[in-house]
Amino acid sequence: MWHRSASFILDKQEQQRNDAAESRPISPASIAMKENPSANVSMYYQTRAEHHGVVTSDWLAQAQTAVAGNSDDDVAQSNGSGGEEMDKMFSVVDEFNNWRKQPDLAEAVAAIRALASAIRSSQAKTMMELEIELKKASDSLKSWDATSISLTAGCDLFMRYVTRTSALDREDFGSAKSRLLERAEKFGEISYKARRIIAMLSQDFIFDGCTILVHGFSRVVLEALRTAVENKKVFRVLCTEGRPDRSGLRVSNELAKLDVPVKLLIDSAVAYSMDEVDMVLVGADGVVESGGIINMMGTYQIALVAKAMNKPMYVAAESYKFARLYPLDQKDMVPALRPIDFGVPIPSKVEVETSARDYTPPQYLTLLFTDLGVLSPSVVSDELIQLYL
């Protein structure tokens, strides 16, 4: 009875299929599949597997169904439709780059918008799958620029805010996904409006006739100054050049368009000009757990000079820049390097410091203007706990 066993029957069926395949003309597509086994799976499924980093059994079943028993024409048609499906596939990084094209949109807000789109475009069937997709999308954005503190913090806070609701455990998947998308869009709106809220809160500290020192290009600082102009306040701005990228030139040009009296300084002239200043107002790449900030190179030395000369040092920063970091010194950070053009050739034996940012400890800061309110540096750690709970 051995010839009726399951293994015998399966082996015989396999042999018959092989004989039939050998008797048919060999098509170029079949040759390609033999030479490249991965060609048995359409490009759509290969791309999907690479994107998610894992090939599950249901994906393989779909792939095998798509290629099993097709004629050459069917294979060609399947490849064509697979290409169309590929075009329709969602890429969170592409979505992020599309949002970044808006000049007034912060990088972290662009990431938040892209993650909300990832939820909207998800084909997941369960909450577990959706959360895994969302986590991988967040990781993809954070790896896009591993040195960006605001990008990483924005993605982390988005994940905490969106998934931090017990209602997801008590709803069916469709309702839970809608709730997730609703919270994602709400967080995006909150983050987008943060700059305007900060600008309004800062107006109590900008008075007529004051002189403000700014350093580096910050959208939220520029918004605060623009709001002061709209409120008919008369003030003057000293703007550092902001090496190495000379972002201060951009700030001075924007202020000139607003008819604000502005004076451009070289970075080394800060101490020389500090006696003219009533306050220092800077932005931040990130606000850390100690209440200190990480910002453009030169912020720390400006804070030292301001402290020595009893000038208030204000920081304008959105809450999505609050990061779970606790640097102990200047080297205790992921380096963000930028090339520096000195205008003349530099000998190869000369070492050049190319760090683009520094850490300012909290004792040198007066207040932080945030969308959570006007905070002292000592309160930041409490707010961080609330944000990441």
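Relevant structure appears above.
Residue positions are given per chain, counted from 1 along the sequence in the order it is written. Per-residue local features are limited, in this predicted model, to residues with pLDDT of at least 70; the limit for side-chain atom pairs, both in listing and counting, is 80 or more; totals at the level of whole chains, interfaces and linings are taken over all residues. Computation of side-chain values: all heavy atoms of the structure, hydrogens and water removed.

(A) Geometry of helix α8 (residues 127–144). Each helix is a run of H or I in the DSSP string that is no shorter than four residues. Each strand is a run of E no shorter than two, and both are numbered from the N terminus. Here the expected length of a helix is defined as 1.5 Å per residue gap, with one fewer gap than residues. Its 18 residues give α8 an end-to-end C-alpha distance of 26 Å, which sits within 8% of 26 Å, the value for a rise of 1.5 Å per residue. With a 1.4 Å probe rolled over the protein chains alone, any residue whose accessible area is under 20% of its type maximum counts as buried; one over 50% counts as exposed, and the rest are partly exposed. Those residues of α8 that sit buried are Met-127, Leu-130, Leu-134, Ala-137, Ser-138, Leu-141 and Lys-142. Buried residues of α8 fall within an arc of 135° about the axis and therefore sit on the same side. Exposed positions of α8 whose direction lies more than 90 degrees from the buried face are Met-128 and Ser-143. Contact between two residues is taken to exist if any of their heavy atoms lie within 4.5 Å; hydrogens are not considered. Tucked into the core, α8 has its buried residues touching α6 (92–100), α7 (107–121), α9 (149–163) and α10 (173–201). Arc, as used here, means the arc of the directions from the helix axis to the C-beta atoms.

(B) Layout of the pairing of strand β9 (residues 367–370). Residues of β9 alternate between two faces, with Leu-367 and Phe-369 on one and Leu-368 and Thr-370 on the opposite face, all of them buried. Any two strands with at least two DSSP bridges between them are considered paired. The pairing of strand β7 (residues 313–316) with β9 spans three bridges and is parallel. Paired with Tyr-314 across the two strands is Leu-367, which belongs to β9. In the sheet, β9 pairs with strand β10 (residues 373–375) via three bridges, with the strands oriented antiparallel. Residue Thr-370 lies in a different strand from β10, and its bridge partner there is Gly-373. Where β9 folds back onto β10 in an antiparallel hairpin, the turn is made up of two residues.

(C) Here's a closer look at the nonpolar core. Residues Phe-158, Leu-213, Met-274 and Val-280 are the most contacted members of the largest nonpolar core, which totals 66 residues. The leading source of residues in this core is α7, at ten residues. When near neighbours in sequence (up to four residues on either side) are disregarded, Phe-158 contacts Ile-112, Leu-115, Ala-116, Ile-119, Leu-134, Ala-184 and Phe-187. Cys-210, Ala-228, Phe-235 and Leu-281 belong to the second-largest nonpolar core, a separate cluster that totals 22 residues. What makes a nonpolar core is a set of buried Ala, Val, Leu, Ile, Met, Phe, Trp, Tyr and Cys residues whose side-chain atoms join them at distances within 4.5 Å.

(D) Broad picture of the sheet that holds strand β5 (residues 286–287). The three strands are arranged β5-β6-β8 in an open sheet whose pairing can be described as antiparallel. Every interior strand has two partners, whereas the edge strands, β5 and β8 (357–360), have only one. Sheet topology note: the strand β6 (residues 293–296)/β8 ladder contains four bridges and is antiparallel. Bridging across to β8, Ile-293 finds its partner in Thr-360. Of the strands in this sheet, β6 and β8 touch helix α14 (residues 299–308), which is tilted by about 35° from β8. Whenever a helix is involved, its axis is fitted only over the stretch in contact; in every case the axis is a line through C-alpha atoms, and angles between N-to-C directions fall within 0 to 180 degrees.

(E) Representation of the packing of α6 against α7 within the structure. Where α6 meets α7, the axes come as close as 8 Å, and the angle between the chain directions of the two elements is 135°. Taken together, the axes of α6 and α7 lie oblique to each other. The two elements α6 and α7 cross, and the hand of that crossing is right-handed. Judged by residue contacts, Val-92, Glu-95, Phe-96, Trp-99 and Arg-100 of α6 engage Glu-107, Ala-110, Ala-111, Arg-113, Ala-114, Leu-115, Ser-117 and Ala-118 from α7. The residue classification treats Ala, Val, Leu, Ile, Met, Phe, Trp, Tyr, Cys and Pro as nonpolar and Asp, Glu, Lys and Arg as charged. All others, Gly included, are polar. A class-by-class count of the residues in the contact of α6 with α7 yields eight nonpolar, one polar and four charged. For this classification, under 35 degrees means roughly parallel, over 145 means roughly antiparallel, 65 to 115 means roughly perpendicular, and everything else is oblique. It is the rotation of the near helix from the far one that decides the hand of a crossing: anticlockwise by less than a right angle makes it left-handed, clockwise makes it right-handed.

(F) Geometry of unusual backbone geometry. Phi at Arg-246 takes a positive value of approximately 55°, unusual for a residue other than glycine. Along the chain, Arg-246 turns up in the loop between β2 (235–240) and α12 (247–257). For Arg-246, a relative accessible area of 41% translates into the label partly exposed. Backbone geometry places Asp-259, a non-glycine residue, at a positive phi of 65°. With respect to the element layout, Asp-259 can be found in the loop between α12 and β3 (262–265). When its relative accessible area of 69% is taken as the criterion, Asp-259 is described as exposed.

(G) Representation of the pairing of β7. With burial as the criterion, each face of β7 is covered, one bearing Met-313 and Val-315 and the other bearing Tyr-314 and Ala-316. Taken together, the three bridges between strand β4 (residues 279–282) and β7 define a ladder with parallel strand orientation. The residue of β7 that forms the bridge with Val-282 is Val-315.

(H) Structural detail: the pattern of salt bridges. Salt bridges are counted wherever a side-chain nitrogen of Lys or Arg sits within 4 Å of a carboxyl oxygen of Asp or Glu. Applying the stated criterion across every chain yields a total of 13 salt bridges. With its nearest N and O atoms 3.7 Å apart, the salt bridge here joins Glu-276 to Lys-263. Of this pair, Glu-276 sits in the loop between α13 (270–273) and β4 while Lys-263 sits in strand β3, placing them 13 residues apart in sequence. For Lys-263, a relative accessible area of 33% puts it in the partly exposed group. Among the ionic contacts, a cluster of salt bridges with common partners joins Lys-135, Asp-139, Lys-142 and Asp-156.

(I) Expanded view of the packing of aromatic side chains. Centres within 6.5 Å are what make two rings of Phe, Tyr or Trp a pair, Trp counting through its six-membered ring; a difference in plane orientation under 30 degrees is then read as stacked, over 60 as edge-to-face, and the rest as tilted. Enumeration according to the criterion identifies seven aromatic pairs in this entry. The rings of Phe-158, Tyr-161 and Phe-187 are connected pair by pair, giving a single aromatic cluster. Any Lys NZ or Arg CZ found within 6 Å of a ring centre and within 35 degrees of that ring's normal is scored as a charge over the ring. One residue, Arg-183, lies across the ring of Tyr-161, its end atom 4.7 Å from the ring centre. The residue whose ring lies beneath Arg-250 is Phe-217, and the NZ or CZ to ring-centre distance is 3.8 Å.

(J) Up close: the packing of α7 against α9. The N-to-C vectors of α7 and α9 enclose an angle of 40°; their axes lie 8 Å apart at closest approach. Considering their axes alone, α7 and α9 lie oblique with respect to each other. Read as a crossing pair, α7 and α9 show a hand that is right-handed. For the pair α7 and α9, the contacting residues are Glu-107, Ala-108, Ala-111, Ile-112, Leu-115, Ala-116 and Ile-119 in the first and Ser-150, Leu-151, Gly-154, Cys-155, Phe-158 and Val-162 in the second. In terms of residue class, the contact of α7 with α9 is built from ten nonpolar, two polar and one charged.

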